[in-house]
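Structure assessment
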Amino acid sequence: GLRVLEALAASGLRSIRFAREVPGLGAIVASDCSPRAAALMARNVARNGVGELVTPRLADARMLMYQSKAERAPFDVIDLDPYGSPAPFLDAAVQAVSEGGEFGGRLLGIPTTPRAPLNPASPGLLCVTCTDMAVMAGNSSETCYSKYGAVSLKGKFCHEMALRIILHSLDLRANCYQRFVVPLLSVSADFYVRVFVRVFTGQAKVKASASKQALVFHCVGCGSHHLQRLGRATSHGSGFKYSAATGPPVGPTCEFCHQRHQVGGPVWAEPLHDPAFVEGLLAALERSPGRFATEPRLQGMLSVIAEELSDVPLYYTLDGLSSTIRSNTPSLLQLRSALLHAGFRVSLSHACRNAVKTDAPPAALWDIMRCW
């Protein structure tokens, strides 16, 4: 019985696939502001025999979502996949999506009161795609700030930083309405990023949002990076006490190469994925072999995501480390082994094939590279 909105539907292909391939949906609204697109959607819906589920609409996506908010008829799932930036639609989307559900609320410590019961069947799911990767990867940091409220950096970690920028922007807009986001899955693939987040309401939890965001200090010489949280949450009896963070984590110049630092962000500094959700997706793929033509890629991507260090934002790359010290490149196995033997954790990243995510401080990483 879920209500789904594809806010920028174009030909309606995705909505038709939802209707034909996803069981248990109650209604799907496929909207576009182009009269030609709306006519094409109506024809495609009729041709595929899904008229009882899919309703084509000629409407501005923002007005449609604001109207659903005003009529208290939120959508359980909202899919935003524009040509370019989703920034103009985020404010309406975080208001028009339904509450995240009783199970998720209890999981996050949100009280469920009789006055405002939560619907356990409602996912409160936002699916957002960004294809303006040039802006989010540091080519136009001023444009990135105007769209997402964060300054992008042109570093080796730019693809993961793009994910963290859009999550920061979603959480920031949700906070205006006493709501916050919890990422389920955040993927950087090909020329775009796509995030799946659940939206919850809770004034107490919104107070912790500042401690989930961080500025990034990035050395222009050696590429070392440090994160500076914007806020601090400390346990205080049965609750939490929130205060401003202390810093900065770096001096006037880089301690390794004595170059200057660039400051980027704020970015989302919490985990990008829900491990239980990712494991559930992998289990679902195993239960239905051959269902998807892209199954090998899905399994590979999700397997790497499941093994990523969730509490380590950003990463280094093998070629970046080697080019800095002007040496030949060690194998990924050699560098990982050195870090593990030194007592640190290390993993790959789905966002870059030669990435190294580790909780080792930059000093330890450069010491290993000097030894190499």
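Residues numbered from 1 in each chain as written. Predicted model: local features only at pLDDT ≥ 70, side-chain atom pairs only at ≥ 80, totals over all residues. Heavy atoms only, no water.

Moving on, we come to the side chain of H225. Mapped onto the secondary structure, H225 falls in strand β9 (residues 225-229). Residues within four places of H225 in sequence aside, it is in contact with F157, V216, F217, H218, P313, L314, Y315, Y316 and P362. (Helix = DSSP H or I, 4+ residues; strand = E, 2+ residues; numbered from the N terminus. Contact = heavy atoms within 4.5 Å.)

On to the sheet that holds β9. The strands making up a sheet are joined through hydrogen bonds of the backbone, oriented either antiparallel or parallel. Spatially, three strands are ordered β9-β8-β12 in an open sheet, and the strand pairing comes out antiparallel. What marks the edges here is a single partner per strand, and that holds for β9 and β12 (261-268). When strand polarity is set aside, the average angle formed by the axes of neighbouring strands in this sheet is 25 degrees. Sitting on the sheet, helix α8 (residues 158-175) is in contact with β8 (213-219) and β12, with an inclination near 55 degrees to β12. (Pairing = 2+ DSSP bridges. Axes fitted to C-alpha atoms, helices over the stretch in contact; angles between N-to-C directions.)

Attention now moves to the sheet that holds strand β13 (residues 316-317). The antiparallel open sheet is built from three strands, whose spatial order is β13-β15-β14. Bordering the open sheet on either side are β13 and β14 (346-349), each of which pairs with just one other strand. Judged from the three bridges that link them, β14 and strand β15 (residues 352-358) form a sheet pairing that is antiparallel. What sits directly across from V346, in β15, is T358.

It is worth spelling out empty space enclosed by the protein at this point. As enumerated under the stated definition, the model contains one cavity of 30 Å³ or more in all. Empty space within the largest cavity amounts to approximately 50 Å³. In terms of lining residues, the largest cavity is bounded by R164, P271, L272, H273, E308, L309, S310 and K357. Residue classes in the lining of the largest cavity are distributed as three nonpolar, two polar and three charged. (1 Å grid on protein atoms, 1.4 Å probe; cavity = no way out; pocket = protein on both sides within 12 Å on 5 of 7 lines; lining within 4 Å. Points joined across faces, edges and corners; volume = space filled by probe spheres on them. Nonpolar A, V, L, I, M, F, W, Y, C, P; charged D, E, K, R; others polar.)

What follows covers the domain arrangement of the protein chain. When its domains are assigned, the protein chain resolves into domain 1 (2-102 + 115-308) and domain 2 (315-371). Each of domain 1 and domain 2 was reduced to a C-alpha centroid, and the two centroids are 29 Å apart. In this complex, domain 1 contributes 21 residues to the contact, which on the side of domain 2 involves 15 residues. Buried area between domain 1 and domain 2, both sides added, is near 1500 Å², and the carbon and sulfur share of it is 58%. Summed over the shared surface of domain 1 and domain 2, the result is two salt bridges. In this structure, E160 engages K357 in a salt bridge whose closest nitrogen and oxygen atoms are separated by 2.9 Å. Across the domain 1-domain 2 interface, the total number found is eight residue pairs in polar contact (both at pLDDT 80 or more). For the side of domain 1 that touches domain 2, the residue count by class is nine nonpolar, eight polar and four charged. (Domains from an automatic or database assignment. Buried area = accessible area lost by both parts, 1.4 Å probe. Salt bridge = Lys/Arg side-chain N within 4 Å of Asp/Glu carboxyl O. Polar contact = N/O pair within 3.5 Å; in protein donor to acceptor, adjacent residues only side chain to side chain.)

Within the structure shown, the criterion is met by three aromatic pairs. Taking the ring centre of F75 as reference, the NZ or CZ of R3 above it sits at 4.3 Å. (Phe/Tyr/Trp six-rings, centres within 6.5 Å; stacked < 30°, edge-to-face > 60°. Lys NZ or Arg CZ within 6 Å of the ring centre and 35° of its normal.)

This paragraph deals with the pairing of strand β5 (residues 125-130). The element β5 is extensively covered by neighbouring structure, given that six of its six residues are classed as buried. Judged by which residues are buried, β5 turns out to be covered on both faces: L125, C127 and T129 on one side and L126, V128 and C130 on the other are all buried. In this sheet, β5 lies alongside strand β4 (residues 77-80) in parallel orientation, the contact comprising four bridges. Within β5, the residue paired with V77 across the bridge is L125. Taken together, the six bridges between β5 and strand β7 (residues 192-201) define a ladder with antiparallel strand orientation. Bridge pairing in β7 places C130 opposite V193. (Buried < 20%, exposed > 50% of the residue type's maximum accessible area, 1.4 Å probe, protein only.)

With that settled, consider unusual backbone geometry. In this structure, P248 follows G247 across a cis peptide bond, with omega equal to 0 degrees. Note on placement: P248 falls in the loop between β11 (239-244) and β12. For the bond running from G265 to P266, omega is 5 degrees, close enough to zero to count as cis. Tracing the chain through its elements places P266 in strand β12.

Let us look at the pairing of strand β1 (residues 2-6). The two faces of a sheet get side chains in turn, since along a regular strand they alternate between them. Looking at chain direction, β1 and strand β2 (residues 25-32) are connected through five bridges and run parallel. Its bridge partner being in β2, E6 is matched across the sheet by A30. Between the parallel elements β1 and β2, the chain passes through helix α1 (residues 13-21) in a crossover that is right-handed. Across three bridges, β1 lies against β4 in parallel orientation. Residue pairing across strands places L5 opposite I78, the latter belonging to β4. (Right-handed = clockwise from strand over helix to strand, strands pointing away.)

Another aspect to go through is the packing of helix α13 (residues 332-341) against helix α14 (residues 362-371). In contact at an axis separation of 11 Å, α13 and α14 are set at 125 degrees when each is read in the N-to-C sense. Judged on the interaxial angle alone, α14 and α13 are oblique. The two elements α13 and α14 cross, and the hand of that crossing is right-handed. Across from L335, A338 and L339 in α13, the residues of α14 making contact are L365, I368 and M369. Here the contact of α13 with α14 is built from residues that sort into six nonpolar, no polar and no charged. (Parallel < 35°, antiparallel > 145°, perpendicular 65-115°, else oblique. Left-handed = near helix turned anticlockwise from the far one by under 90°.)

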